[in-house]
Amino acid sequence: MDSRAWKCALILAPVVLAVSSCVGWGGYPPAKNVHESQLVGTWRARKCGTTVTLKPGGSASATGIPTEMELSGKVTQRVGGDGTWRIDEFSGEQQLEVAVGNEYIPFGLYRDKGRLLVGLTVGDPDDMNWCILTRHSKTATDSPTAVQQ
């Protein structure tokens, strides 16, 4: 590679990294200004076998949240039970934190065409083992088929 190509690469590398960091997790941009009322309800990731119900006042229940996964995507450890939830901030972005037993599970908050998504990275982020939870019902007391998204 000649010196001109090296100069171009050195100039473009930070630009490419800056643009790719704006895309966010899994290609979804981070959600901004998320309020607790937008998260109350039941969220599911069928692919991961995960259901999280967030109730007003900060109580939660969860089943099948993966905490360990093999490179192949096979879940090797899960948590579930009753707990609490809150919106927190990490590195300048909002996240959902769910506490079940002794586990604190951070979920990212993202947007896809205006729709709010809850994302979980399981294990090493470089392994790209992700669970994408979508809202199944708007309120914790709705029937499971009340609102499909």
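In the block above lies the structure referred to throughout.
As the structure is a computational prediction, the values presented were derived from the model and not from experiment.

Colleague: Would you take a moment to explain the overall build of the chain for this structure?
Modeller: A count of helical and extended segments in the chain gives two helices and eight strands. A total of 149 residues make up the chain; the buried ones form 34% of that total. For the chain, restricting intrachain contacts to residue pairs at least 6 apart in sequence, the fraction spanning at least 24 positions comes to 46%. Only carbon and sulfur atoms are counted for the fraction: they give 55% of the accessible area of the chain, which is about 8,900 Å².

Colleague: Whenever I open this one, the nonpolar core confuses me. Can you help?
Modeller: A general tendency of soluble globular proteins is for nonpolar side chains to be buried together. In terms of nonpolar packing, the biggest core is built from 27 residues, with Leu-39, Leu-54, Leu-96 and Phe-107 touching the most fellow members. Contributing elements (two or more residues each) for this core: strand 1 (41–45), strand 2 (50–54), strand 3 (59–69), strand 4 (75–90), strand 5 (93–100), strand 6 (103–112), strand 7 (115–121) and strand 8 (130–137). Not counting residues up to four positions away in its chain, the partners in contact with Phe-107 are Val-52, Ile-65, Gln-95, Leu-96, Val-98, Val-118, Gly-119, Leu-120 and Leu-133.

Colleague: Which parts of the structure should I look at to understand the environment of Leu-133?
Modeller: Turning to its location among the elements, Leu-133 is positioned in strand 8. On the basis of relative accessible area, Leu-133 is assigned to the buried category, the value being 1%. Excluding anything up to four places from it in sequence, Leu-133 contacts Trp-43, Arg-44, Ala-45, Thr-50, Val-52, Phe-107, Leu-117 and Val-118.

Colleague: I'm lost on the sheet that holds strand 8 in this one. Help?
Modeller: Within the closed barrel, the eight strands sit side by side as 1-2-3-4-5-6-7-8. Their pairing is antiparallel. Adjacent strand axes in the sheet meet at a mean angle of 40 degrees when their direction is disregarded. Where strand 3 lies against strand 4, eight bridges are found, and the strand directions are antiparallel. Among the inter-strand pairings, Glu-68 is bridged to a residue of strand 4, identified as Gln-77.

Colleague: Sorry if this is basic, but what is going on with the environment of Thr-51 here?
Modeller: Position of Thr-51 among the secondary structure elements: in strand 2. Taking the C-alpha atoms as reference, Thr-51 lies 9.2 Å from His-136; in sequence the two are 85 residues apart.

Colleague: What should I look at first to understand the pattern of salt bridges in this one?
Modeller: Between side chains of opposite charge, pairing is possible as soon as their charged atoms come close. Summed over the entire model, instances satisfying the criterion amount to three salt bridges. In this structure, the salt-bridge partner of Asp-112 is Arg-115, at a minimum N-O distance of 3.6 Å. In this structure Asp-112 comes out as partly exposed when scored by relative accessible area, which is 22%. Salt bridges linked by common partners bring Arg-86, Asp-88 and Glu-97 together as one network.

Colleague: Even after reading the chapter, I still don't get the environment of Gly-114, so can you show me in this structure?
Modeller: Looking at where Gly-114 falls in the secondary structure, it is placed in the loop between strand 6 and strand 7. A relative accessible area of 58% places Gly-114 in the exposed class.

Colleague: Sorry if this is basic, but what is going on with the pairing of strand 4 here?
Modeller: The side chains of a regular strand alternate between both faces of the sheet. Between the end of strand 3 and the start of strand 4, which pair antiparallel, lie five residues, with Gly-73 showing a positive phi angle near 100 degrees. Of the strand pairs in this sheet, strand 4 and strand 5 are connected by eight bridges, and their pairing is antiparallel. The residue of strand 5 that forms the bridge with Glu-89 is Gln-94. Hairpin remark: strand 4 followed by strand 5, antiparallel, with two residues in the connecting loop; positive phi at Ser-91, about 55 degrees.

Definitions and cut-offs
- Residues numbered from 1 in each chain as written.
- Predicted model: local features only at pLDDT ≥ 70, side-chain atom pairs only at ≥ 80, totals over all residues.
- Heavy atoms only, no water.
- Helix = DSSP H or I, 4+ residues; strand = E, 2+ residues; numbered from the N terminus.
- Buried < 20%, exposed > 50% of the residue type's maximum accessible area, 1.4 Å probe, protein only.
- Contact = heavy atoms within 4.5 Å.
- Areas by Shrake-Rupley, 256 points an atom, 1.4 Å probe, with all protein chains shown as cover.
- Core = buried A, V, L, I, M, F, W, Y, C linked by side-chain atoms within 4.5 Å.
- Pairing = 2+ DSSP bridges.
- Axes fitted to C-alpha atoms, helices over the stretch in contact; angles between N-to-C directions.
- Salt bridge = Lys/Arg side-chain N within 4 Å of Asp/Glu carboxyl O.

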